[in-house]
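# Remarks on the overall topology
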Amino acid sequence: MYYFTDDCLIGVEEIDNEHRELFRMINETQELLENQIINDKYDRIREMVERLGEYAENHFRHEEAYMESICHPELELQKRQHLFFSDKINAITNSFTSDNEQQAVLEDLLKYLVTWLYRHIISADLMIGKLRPIEACKDAPRFTEEYLTGIALVDKEHKELFRIIGEVHHAIVDEYSYDKYDEIIRLIEELKEYTKFHFQDEELYMENIRYEGIEAQRRAHDAFVTRLEEMDLEHIDEHQQESLEEIMEFLTEWLVNHILHMDKKISNA
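Predicted model, so just to flag it, every value in this text is computed and none were measured.

For the rest of this paragraph, the subject is the overall build of the protein. Across its full length, the protein holds 9 helices and 0 strands. In the protein, the order of α-helices and β-strands from amino to carboxyl end is α-α-α-α-α-α-α-α-α. The globule rule puts the C-alpha radius of gyration for 269 residues at 18 Å, and the 20 Å found for the protein is close to it. Overall size of the protein, expressed as C-alpha extent along the three principal axes, is 65 × 45 × 30 Å. By residue count, 49% of the 269 residues in the protein fall in the buried class. Counting only contacts in the protein whose residues sit at least 6 apart along the sequence, the fraction spanning at least 24 positions is 78%. Carbon and sulfur atoms form 49% of the exposed surface of the protein, whose accessible area is close to 14300 Å². Taken as two groups, the 29 positive and 62 negative side-chain charges of the protein have centres that lie 4 Å from each other.

Spelled out as structure tokens, the structure:
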């Protein structure tokens, strides 16, 4: 079973409810995959994929309309990601015949749904309504007692992540640097390297204590790294200040959300 956990909440009731329904559909797919009684699943698979595609397109329309209403800066990026998802689902529907290996089709569908949906929510949807004007964030975020997990290694590495975010903030407020591209790329690379190092340590700790929520943590970590790796460098070069502000908002909101809703639960396991 795949659970819609608190770290997936974006705070917009309609969107959160629709994400829950998408998770329910994922679990429905898994149940059909694991069903050993039904031999011919063709009609059920076609119906499920078509229903999923229709629901996703309605959800995307609602989400995009909300983003447009609040002038969300990542609307065009979200539209491209939504279109990519819809094209993938349509491709499955159009290519699937009764002669296909049904179990393989279901396995491929389930893997794609889980990977795409979780990454999309964690790396993109969580930013909806949270990309504030930079004036609202004049000070660099600080690591306070609120973010302590009680796990010495994890807390130490979280402090380092806040330090790197502080460097991003410094680059934003640096009024004497006109071309910040090299600095932006350096910060992105430093973030990718350090977060991979940190996530590896954190996951190893969770493995050692046999933490039940480790798979959700792995998916969240993977989504974060993917977001960094998929940043549009050409857009960054052409819109340097705007890109720094977007990176700053993403880092701050994601890290705070992840620590408070996921990492602090580890010490209670």
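In this structure, Arg 210 is a non-glycine residue whose phi angle is positive, near 55 degrees. Of note, Arg 210 is situated in the loop between α6 (181–208) and α7 (214–229).

Judged by nonpolar contacts, the single largest core of 71 residues is most densely connected at Phe 85, Tyr 118, Val 168, Leu 251 and Trp 254. Sorting the residues of this core by element identifies α1 (13–34), α2 (42–69), α3 (75–95), α4 (102–123), α5 (152–173), α6, α7 and α9 (240–266) as the ones contributing at least two each. At 12 residues, the largest contribution of residues to this core is made by α4. Core analysis: the second largest hydrophobic core is formed by 6 residues, Val 154, Met 206, Ile 214 and Ile 266 among them.

Glancing now at the packing of aromatic side chains. One pair of aromatic rings is described through two measures. These are the centre distance and the angle between the planes. Taken as a whole and judged by the stated rule, the model has 11 aromatic pairs. Here the aromatic rings of Phe 199 and Phe 224 are separated by 6.0 Å at their centres, their planes lie at 85 degrees, and the arrangement is edge-to-face. Within this pair, whereas Phe 199 is found in helix α6, its partner Phe 224 is found in helix α7, the two being separated by 25 residues in sequence. Following the ring pairs from residue to residue traces out a cluster consisting of Phe 60, Phe 85, Tyr 112 and Trp 116. Stacked on the ring of Tyr 112, the Lys or Arg Lys 88 has its end atom at 5.2 Å from the ring centre.

Another aspect to go through is a negative patch on the surface. There is a patch of like negative charges on the surface, built from Asp 179, Asp 182, Asp 232, Glu 234, Asp 237 and Glu 238. Ranked by the residues each element gives to the negative patch, the list is headed by helix α8 (residues 233–238), at 3 residues. Tracing the chain through its elements places Asp 182 in helix α6. Classification of Asp 182 by relative accessible area gives exposed; the value is 65%.

About the criteria used
- Residues numbered from 1 in each chain as written.
- Predicted model: local features only at pLDDT ≥ 70, side-chain atom pairs only at ≥ 80, totals over all residues.
- Heavy atoms only, no water.
- Helix = DSSP H or I, 4+ residues; strand = E, 2+ residues; numbered from the N terminus.
- Rg over C-alpha atoms; globule rule 2.2 N^0.38 Å.
- Buried < 20%, exposed > 50% of the residue type's maximum accessible area, 1.4 Å probe, protein only.
- Contact = heavy atoms within 4.5 Å.
- Areas by Shrake-Rupley, 256 points an atom, 1.4 Å probe, with all protein chains shown as cover.
- Lys, Arg positive; Asp, Glu negative; His and termini not counted.
- Charge placed at Lys NZ, Arg CZ, Asp CG, Glu CD.
- Core = buried A, V, L, I, M, F, W, Y, C linked by side-chain atoms within 4.5 Å.
- Phe/Tyr/Trp six-rings, centres within 6.5 Å; stacked < 30°, edge-to-face > 60°.
- Lys NZ or Arg CZ within 6 Å of the ring centre and 35° of its normal.
- Patch = residues over 30% accessible without salt bridge, like charges linked within 9 Å, V, L, I, M, F, W, Y side chains within 5 Å.
- Salt bridge = Lys/Arg side-chain N within 4 Å of Asp/Glu carboxyl O.

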